[in-house]
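Secondary and tertiary structure notes
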Amino acid sequence: MRPDLLNPLFAGVDGLDGVGPKVAKPLERLGLARVRDLAYHLPDRFVNRRAVASLDEASVGEQIVVALTPLDYRQAPGRGPFRVNAVDGAGNVCALTYFGKASYSAKKLLPLGERRWVAGRLDQYGQSLQMVHPDHVSEGSDQALGSLCEAVYPLSEGLTQGKVAGLVAQALAALPELPEWIEPGLAQRMGWPGWREALREAHRGEHGPARDRLAYDELLANSLALMLVRAAGRARSGTPLAGDGHLRARLSLPFAMTGAQRRAIAEIEGDVAQGAPMLRLLQGDVGSGKTVVALNAMLIAVEAGAQAALLAPTEILARQHFETLSRMLAGTGVEIALLTGRDKGRSRESILMGLVDGSIPIVVGTHAIFQDAVQYRNLALVVIDEQHRFGVGQRLALTQKGRRTPHCLAMTATPIPRTLTLAQYGEMDVSKLDEMPPGRQAIDTRVVAVERMDDVIGALGRHIGAGGQAYWVCPMVRESEADDLAAAEARYEELKARFGDSVVLVHGQLRPEAKDAAMERFARGEAALLVATTVIEVGVDVPNATLMVIEQAERFGLAQLHQLRGRVGRGSEKSVCLLLRGNALSQVGRERLALMRETQDGFRLAEEDLRLRGGGELLGTRQSGDTPFRVATLEQISKLLPVAHDDARLLIERDGGLTGERGEAARILLYLFERDWGVLLLRGG
Ligand code: ADP
Ligand code: MG
């Protein structure tokens, strides 16, 4: 149970002042459901303003706070802007300019002849000075001067900076005092503040040590949890599996295994023969052939008279795995079932029966396969097709609750750098598929300026006209970004107007049924063009789709582009990937796209991605997608993860049950970062 101490942090945001349904919705889209989430909703950056006595002291382009007195109003004709001409103490005139709806409230905000404090960016307009949509206008100086260093938060539609700042302030005021889990010597060496102070500082300004400390907390929690999973696995016994090969011999595969695949299978076979449960990561780039390795592993279990389960991250993938595996198993007589959250009624009942009595030896599904209602006669191997992203530890924890621990094989398609492997998977044994199946053609990757959109659409038309299929990918940084969604929908409409009903659209906000239906039409070849946001990253295998267009390619991470590109080049036909780039391309952006053209080696791209992003902007880029972390940036991960890892090991080894004073504090940390599945194992173990 979560310690009571943390209750105020895990209270819902709806208990805060000013949170009604209208605000709760956009907060939810940002993943802000509880007070804790708000406290950790760290600013993207800060606006630093300077208070000036007169405009003479300020330069154009500068963020300032200044006292101004409105002289007159000017409404430009038509839909032109509304201007308030205002004067400072020294007689300099500056126009405060408002467009659209904002101009309605300008008169009330800036009454003629009354002095107001104005915060905003000073610009030049022709010969005169102006401020467009000042950020703040207030009667007293307090509010204005309080905004000298102002946080800029990630927003979603329906929220304003002021609203979020107000809610964050409430969350920060509610922070309890927590015991220190960081080793005192380390905190001192690094100059890190305590937890509560660190959170408050991180919202107040660019405090490197505070941000680092918060990142470290997250990394430590993750390392601890992963190590607890590892330790719990070691302490339990698994089922030694000795397969005699009779089922594997009956598999009819249309290809010969690569050396890497054979090595991986041999390593797995060696592991599962042991009494201790296997904990192995199968790391292989997109298309390297992980599925057949997983199948062999599962057949070893079945040959030994046990059951195996394959856990997929999404419905679509579960379905796809089921179909692929069913085909491969056709000649073996081995039964396989599909179980997802959507299966109900009779068929579900009969699958559950088959799992209990053991007549179904292999099941494929989503997390539904680990619900309490699902019982196995003899589950001895779990394969987790992680693809990428969160949660392998949590899923492992799920499998480790029984008396006998199943062997576990986690598969990842994300060629992540070594530091991140450690972060995401802890100390698992690793098998690498570092050899591609033969006969793969390089994907012809080209960077194309967005001005050539017409040419691109023309080429797309010829491709489809000749019976080909294609992907069109639109960027969507956060699933909540309304603009991105609108842009994707607009593109879809445009392409549909051009190519008719054979165009389908898939994005993250569609209902799962609608998403599946569109994907299936595309997979069956009924649709020629799939317009999608990045949801296809972990998606379909359609060998006939040999053209991919990625819009605003500079907005994607390299690893992500690589994953996307891996959707083409799966058949024998030559594939093409067109990276459309905008005009305002930074140096780093240019380098990244050039790399995509140059190499198809996922591991190299991942390392370069880390290097190129490492030296990024001051606060770094938080990556919600690529790592299991919400606070730590890639840069902080490289810098602090090894420290956190060593510290976690010491803590667990010295104090096996996390019982001492620091151990108790560390438990609180695990709950704080919702790695409490680690704690559960502790108690059970
Ligand atoms: P991933 O590692 O991305 O999961 P898959 O297992 O889906 O890759 O395999 C990608 C494609 O390569 C599949 O069509 C599969 O049948 C094929 N494949 C796998 N192994 C080999 C091999 N040794 N030789 C040729 N083709 C292979
Ligand atoms: Mg796969």
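Everything here concerns the structure above.
Heads up: these notes are all about the structure in this document. (Residues numbered from 1 in each chain as written. Chains lettered and ligands numbered in written order. Predicted model: local features only at pLDDT ≥ 70, side-chain atom pairs only at ≥ 80, totals over all residues. Heavy atoms only, no water.)

This brings us to the overall build of the protein chain. Helices and strands together make up the secondary structure of the protein chain, namely 24 helices and 23 strands. The C-alpha atoms of the protein chain give 28 Å as radius of gyration, which agrees with the globular expectation for 685 residues (26 Å, within 12%). Across the 685 residues in the protein chain, those meeting the buried criterion constitute 55%. Here the contacts in the protein chain between residues at least 6 apart in sequence split such that 73% fall between residues at least 24 apart. With an accessible surface of roughly 29600 Å², the protein chain has 50% of that area assigned to carbon and sulfur atoms. Positive and negative side-chain charges in the protein chain, numbering 81 and 84 respectively, have mean positions lying 2 Å apart. (Helix = DSSP H or I, 4+ residues; strand = E, 2+ residues; numbered from the N terminus. Rg over C-alpha atoms; globule rule 2.2 N^0.38 Å. Buried < 20%, exposed > 50% of the residue type's maximum accessible area, 1.4 Å probe, protein only. Contact = heavy atoms within 4.5 Å. Areas by Shrake-Rupley, 256 points an atom, 1.4 Å probe, with all protein chains shown as cover. Lys, Arg positive; Asp, Glu negative; His and termini not counted. Charge placed at Lys NZ, Arg CZ, Asp CG, Glu CD.)

Another aspect to go through is the pairing of strand β6 (residues 116–121). Across the six residues of β6, five count as buried, placing the element largely inside the fold. Direction of pairing for strand β3 (residues 63–75) relative to β6: antiparallel, over a ladder of six bridges. Within β6, the residue paired with V65 across the bridge is A119. Here three bridges tie β6 to strand β9 (residues 136–138), and the two strands are oriented antiparallel to one another. Each bridged residue has a counterpart across the sheet, and for A119 the counterpart in β9 is H136. (Pairing = 2+ DSSP bridges.)

Attention now goes to the site of ligand 1. Surveying the vicinity of ligand 1 reveals 15 residues, the closest of which are A256, G287, K290, T291 and R440. A distance of 2.7 Å separates an oxygen atom of ligand 1 from a polar atom in the side chain of K290. The contact in question runs from an oxygen atom of ligand 1 to an N or O atom on the side chain of T291, over 2.6 Å. Partitioned by chemical class, the residues of the shell around ligand 1 number five nonpolar, six polar and four charged. (Near = heavy atom within 4 Å. Polar contact = N/O pair within 3.5 Å; in protein donor to acceptor, adjacent residues only side chain to side chain. Nonpolar A, V, L, I, M, F, W, Y, C, P; charged D, E, K, R; others polar.)

With respect to the helices, strands and loops of the structure, R211 is situated in helix α9 (residues 208–235). A distance of 3.3 Å separates the side chain of R211 from the backbone oxygen of P43, its partner in a polar contact.

Turning next to the nonpolar core. A general feature of soluble globular proteins is that nonpolar side chains tend to end up buried together. Grouped together as the largest cluster of nonpolar side chains are 70 residues, with contacts concentrated most on W181, W195, L214, L224 and L672. Here this core gets 12 residues from one element, more than from any other, and that element is α9. Apart from the residues within four sequence positions on either side, W181 is in contact with W195, R213, D217, L220, R662, A665, A666, I668, L669 and L672. (Core = buried A, V, L, I, M, F, W, Y, C linked by side-chain atoms within 4.5 Å.)

The full count for this structure, using the stated rule, is five aromatic pairs. Consider the rings of Y73 and F82, whose centres lie 5.6 Å apart with planes at 35 degrees: the pair is tilted. Ring plane angle 40 degrees and centroid distance 5.0 Å describe the contact between W192 and Y216, whose orientation is recorded as tilted. Pair noted here: W192 is in the loop between α7 (184–190) and α8 (195–204) and Y216 is in helix α9, with a separation of 24 residues, a long-range link. In this structure, R2 packs its charged tip against the face of F10, placed 4.0 Å from the ring centre. (Phe/Tyr/Trp six-rings, centres within 6.5 Å; stacked < 30°, edge-to-face > 60°. Lys NZ or Arg CZ within 6 Å of the ring centre and 35° of its normal.)

Any functional reading would require information that these geometric values do not contain.
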